[in-house]
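So you can see what is in the structure, the chains are spelled out below.
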Amino acid sequence: MDWNTTWTYFGRVDNALGVATVGLAGYSAYRLFRENKRRQEFARQSLPIERFEQLVEAHQGIRSLKPVALAVCLIPTNDSIRGDVTTFLRANEWEMPIEELNMDGLNSPEDRERFVNLLREVRRDFEAKGYTEIHLFIAGPVQAGTIIGGLYRNWMPIKLYHKPNPAPPQVYAYWMPLI
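Throughout what follows, the structure given in this document is the object of discussion. All of these numbers come straight from a predicted model, not from anything done at the bench. (Residues numbered from 1 in each chain as written. Predicted model: local features only at pLDDT ≥ 70, side-chain atom pairs only at ≥ 80, totals over all residues. Heavy atoms only, no water.)

1. Side note on the sheet that holds strand E2 (residues 98-102)
This is how the line gets drawn: The pairing criterion for strands is at least two bridges between them, as found by DSSP. Labels follow the DSSP assignment, with helices taken as runs of H or I lasting at least four residues and strands as runs of E lasting at least two, numbered in each case from the N terminus. Where helices are involved, their axes are fitted lines through C-alpha atoms of the stretch in contact, as for all axes, and angles between N-to-C directions lie from 0 to 180°. Here a residue-residue contact requires only that any non-hydrogen atoms of the pair lie within 4.5 Å.
The strand order across the open sheet formed by 5 strands is E2-E1-E3-E4-E5, and the pairing between neighbours is mixed. A single partner strand is all that each edge strand has here, and the edge strands are E2 and strand E5 (173-177). Within this sheet the neighbouring strands show an average axis-to-axis angle of 25°, counted without direction. As defined by bridge partners, strand E3 (residues 133-139) adjoins strand E4 (residues 158-162) across 4 bridges and the pair is classed as parallel. Among the inter-strand pairings, Ile-134 is bridged to a residue of E4, identified as Ile-158. Of the strands in this sheet, E4 and E5 touch helix H2 (residues 52-59), which is tilted by about 110° from E5. The strands touched by helix H4 (residues 109-129) are strand E1 (67-73), E2 and E3; relative to E2, the strand with the most contacts, the crossing angle is about 165°.

Below you can see the structure in the form of structure tokens.
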């Protein structure tokens, strides 16, 4: 085989790959453009929520096919809030699994690091299980809620619940979505 023929062959393959790359890049740009237009149109069509109460009310209850209750207990004097969450779910006649994250407080930097890593594991686990919304119940410091909000923002719908004082018979009350 002669070198000129080999180089000619490689040149033709190189040209074909270049043309294919340009074609695929053009197709990708077209698809991205269409997706961007679709999202803009969807945003235009969604009804604006003019009042905060409407936003809260629009997210209340179960709004998707596979919800989950996440019970986070970070109080050293309490092992779990599962019982309270179960009472709330029964009072509302809701069926959903309850996933727990329990720790004996957030007393040191190592505890906070472990908490963040556990939250990341929970997120991966929820994605693997295909959950579509989270009903979040927390017993612990306010900072823990801030950490959860930071890690889970813009991920999936998250509904926040609080325990008023005095607590109603169903123990918890819907507060608002994580926005």
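After that view of the structure, there is still more to cover.
2. Structural notes on H4
Test applied: A helix is expected to span 1.5 Å for every residue after the first. Note on exposure labels: buried denotes an accessible area under 20% of the residue type's maximum, exposed denotes more than 50%, and partly exposed covers the range between, all computed with a 1.4 Å probe on protein chains only. Our arc is simply the arc of the directions from the helix axis toward the C-beta atoms.
Here H4 is 21 residues long and its end C-alpha atoms lie 30 Å apart, about the 30 Å a rise of 1.5 Å per residue gives. Taken as a whole, H4 has its buried residues at Asp-111, Phe-115, Val-116, Leu-119, Val-122 and Phe-126. Across the axial projection of H4, the buried residues extend over an arc of 140°, all falling on one side. Facing away from the buried surface of H4 by more than 90 degrees, the exposed residues are Pro-109, Glu-110, Glu-113, Arg-124 and Ala-128. Summarising the contacts, the buried residues of H4 are in contact with E1, E2, E3 and helix H5 (142-152). Backbone geometry just downstream of H4 places Gly-130 in the positive-phi region, at approximately 75°.

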